[in-house]
Number of protein chains: 2
Amino acid sequence: MKKIVFDVLNNDNGTHFAILGAAAFKSKNKNYEIALVGDKEIIEEELAKKPFSLTKDDFIIVDSKNLVYIKSSPREALKNPSSMLDAFNYLIKNDFDAILSSGDSGAFTTLSMLKIKRLPNVERIAFMPVLPSTKGIHTLLLDAGANIETSAQYLQNWAIIANEYHKLIFNSNNPVIGLLNIGSEEYKGSTILKEANSLLKETSNLNYLGFIEPKDAINGVVDIILADGQNGNIFLKTMESSFLGFGKLLKKIIHTNLKTKIGGLLIKKQLNKLKNEFDYRNVGGAYIIGLEKVVVKAHGGSDEIAFENALNQIKFVLDKEDFNKNLKEGLSKINNEIK
Amino acid sequence: MKKIVFDVLNNDNGTHFAILGAAAFKSKNKNYEIALVGDKEIIEEELAKKPFSLTKDDFIIVDSKNLVYIKSSPREALKNPSSMLDAFNYLIKNDFDAILSSGDSGAFTTLSMLKIKRLPNVERIAFMPVLPSTKGIHTLLLDAGANIETSAQYLQNWAIIANEYHKLIFNSNNPVIGLLNIGSEEYKGSTILKEANSLLKETSNLNYLGFIEPKDAINGVVDIILADGQNGNIFLKTMESSFLGFGKLLKKIIHTNLKTKIGGLLIKKQLNKLKNEFDYRNVGGAYIIGLEKVVVKAHGGSDEIAFENALNQIKFVLDKEDFNKNLKEGLSKINNEIK
């Protein structure tokens, strides 16, 4: 039996959608044990309403009533009581396999780092969302903001890990990896990026392409976008906001007059399909990688589809028996090569 | 008489559009002297074709036949002969007021830095494009990639300069300035960004908002987006590529079938209007700021509209007699405050 602990409280839309997602997942995956961490009363109320013929007895319920709260540092998440902190404590104490939350990224990353053991040879964890691309394929981006400072070694570690994740999640063979930079020329960018570029070229078993620019990342030229945390985060947020912004402008256009409204109706079906492809809910949450446990951060505004997909993202990894073994083997090889 | 030197050779589409743009500008601005640097024979041929009743005698023509070429460092632009290098040399030797090129950004920035005197109290130059926002207003972004390493002081310098530029270009009163970061919380981001945040808050005469995220930058929450060169460049390129990517996907959707094609026709007018608003040709080129001369980099794929607009961007600044004086005053005040 695989075991997931789920912080259902820290969600922009309240506990409701988290419970719907958990119930939808559980009804299809009876072999999964799920511990729901949140306000017990609300959780039980929500479960009583559910149409999945599941009851509160199908879940473990961990009562915890506080939202995560940080003011001047994400490390405060370690001190202030919250359902997120309780979820991490539950994960460790009961040796669960995975954790899911849609709460504050900084707090979640910090607690992951402080509470869960790192995989051997991994120097730093990374934040790794699954992204859409205009080519219709999905790409992995890391690090998307777990680290402010990055080293060439970290980037190499992350490449190895992301390589294994990509092969597993997308059933791919030899995913193409690119390093996000301000230009594709080798002389461009910071010293650390240049060092990482050399190191990655020398790393065997990686299909490393070299430096890439944002356009390559967006157009699906690579399967894995490596980035330092600062650039990766700016890239991620800019892409999300641009697509959202364009969508809003398009909606405004369609509402101009009767003619454009009819026009909008005629392309509506295809437009919705496109919207779905770029919808974070279908694209999925972000993995926090480099840890002994499977850690997934769902979007703050997740609904039931998003949460069910996030749970499926965890399942992907947990169902693959030899995943952590393969990962550790890959990592140990690389670190031997460096020495 | 104001004097502009224009490198017409380094353009993805050849000399043709550069000459069209220069002729269109000159026909409306007889008080401007323009030196065209490029292949003399081609320039004269192109000018002979022109419908503006202008002849080669209306321009200074500087014969220069090499495209800018750099292989491993933009500093090579200083050694390898090129029309860009010749344009800079002409600018300095003949004490012209401004320079325009659509050639390689790295080479252009490097030559600007090495050939032109910096304004007093300016520590580093910055690359400052004019950007569209979803709110319909235009924003200034700097630094968008002239510097790999940034300091808090540089960011403060740039804020002062961009403030003057914004007031001038957009006739604005008290432009809102934000510092691009991975989050709006004060504890987020690199040490340099945090230092800059404190410094900017203490700087008088600036309408400084604090840290902003990419979404704020895209949605027009601020008038001036301050950024370190690496983040600013990633932001700029990601935004451009996202909008382009979305546009392509939309085009594909519209071409699905007869129904969607009709739908596309019905919204075409509004869509073109939107496209124009986000078109770099109408938005304009990028200023390289912090220098005694007016320096503008046009887009590599510029056409005649783009070049004419880039020349108008130069005119904006040159026509304002007291611009450089105001700029110097602003800068001297600030630097006194720091001391």
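- As recorded in an unreviewed UniProt entry, chain A goes by the name Phosphate acyltransferase, listed as coming from Metamycoplasma alkalescens.
- UniProt annotates chain A under Sequence similarities (unreviewed entry) with the comment "Belongs to the PlsX family."

1. With respect to the side chain of D39(A)
Part 1 of the reasoning: Summarising the element assignment, D39(A) is placed in the loop between β2 (32-38) and α2 (40-48).
Part 2 of the reasoning: When near neighbours in sequence (up to four residues on either side) are disregarded, D39(A) contacts L9(A), D63(A), S64(A) and K65(A).

2. Brief notes about the interface of chain A and chain B
Part 1 of the reasoning: Taken together, the contacts link 50 residues of chain A with 50 residues of chain B.
Part 2 of the reasoning: Surface buried jointly by chain A and chain B totals about 4,600 Å² across both partners, of which 72% is contributed by carbon and sulfur atoms.
Part 3 of the reasoning: Looking at the side of chain A facing chain B, the largest losses of area belong to I182(A), Y187(A) and F246(A), adding up to 15% of the total buried there.
Part 4 of the reasoning: Counting the contacts that link chain A with chain B gives two salt bridges.
Part 5 of the reasoning: Residues K237(A) and E213(B) are paired through a salt bridge, measuring 2.9 Å at the closest nitrogen-oxygen approach.
Part 6 of the reasoning: Where the side of chain A that touches chain B is concerned, the elements lending two or more residues are α7 (214-218), α8 (229-254) and α9 (258-278) of chain A.
Part 7 of the reasoning: Sorting elements by how many residues they give to the side of chain A that touches chain B places α8(A) first, with 18 residues.
Part 8 of the reasoning: Taken together, the residues of the side of chain A that touches chain B sort by class into 24 nonpolar, 21 polar and five charged.

3. A closer look at the environment of F127(A)
Residues and elements named next belong to chain A.
Part 1 of the reasoning: Along the chain, the position of F127 falls in strand β5 (residues 126-132).
Part 2 of the reasoning: Separated by 16 residues in the primary sequence, F127 and D143 place their C-alpha atoms 5.1 Å from one another.
Part 3 of the reasoning: Discounting chain neighbours no more than four positions away, the residues touching F127 are S105, T109, L141, L142, D143, A144, G145, A146, A286, Y287, I288 and K297.

4. With respect to the relation of the copies chain A and chain B
Part 1 of the reasoning: Between chain A and chain B, which share one sequence, the superposing operator has a rotation angle of 180 degrees and an axial displacement of 0.0 Å; the RMSD is 0.0 Å. The symmetry that links the two subunits is that of a two-fold axis. Within chain A, G263(A) has its C-alpha nearest the rotation axis, a separation of 1.9 Å.
Part 2 of the reasoning: A symmetric contact is evident, with 100% of the interface residues of chain A recurring at the interface of chain B.

5. Re the packing of aromatic side chains
Part 1 of the reasoning: Per the counting criterion, the structure on display carries 17 aromatic pairs over all chains.
Part 2 of the reasoning: Ring geometry for Y154(A) and W158(A): centres 6.0 Å apart, planes at 40 degrees, overall tilted. Here W158(A) and Y154(A) lie together in helix α5 (residues 152-169), a separation of four residues that amounts to about one turn.
Part 3 of the reasoning: Under the relative-accessibility criterion, Y154(A) is labelled buried at 14%.
Part 4 of the reasoning: Between F6(B) and F307(B), the ring centres sit 5.3 Å apart and the planes meet at 50 degrees, which makes this aromatic pair tilted. Of this pair, F6(B) sits in strand β1 (residues 2-7) while F307(B) sits in helix α11 (residues 304-318), placing them 301 residues apart in sequence. Like F307(B), F6(B) is buried.
Part 5 of the reasoning: Through successive ring pairs, a cluster of aromatic residues spans F243(A), F246(A), F243(B) and F246(B).

Criteria and cut-off values
- Residues numbered from 1 in each chain as written.
- Chains lettered and ligands numbered in written order.
- Predicted model: local features only at pLDDT ≥ 70, side-chain atom pairs only at ≥ 80, totals over all residues.
- Heavy atoms only, no water.
- UniProt positions renumbered as here; feature names shortened; annotations may be inferred.
- Helix = DSSP H or I, 4+ residues; strand = E, 2+ residues; numbered from the N terminus.
- Contact = heavy atoms within 4.5 Å.
- Buried area = accessible area lost by both parts, 1.4 Å probe.
- Salt bridge = Lys/Arg side-chain N within 4 Å of Asp/Glu carboxyl O.
- Nonpolar A, V, L, I, M, F, W, Y, C, P; charged D, E, K, R; others polar.
- Least-squares fit on C-alpha atoms with pLDDT ≥ 70 in both.
- Phe/Tyr/Trp six-rings, centres within 6.5 Å; stacked < 30°, edge-to-face > 60°.
- Buried < 20%, exposed > 50% of the residue type's maximum accessible area, 1.4 Å probe, protein only.

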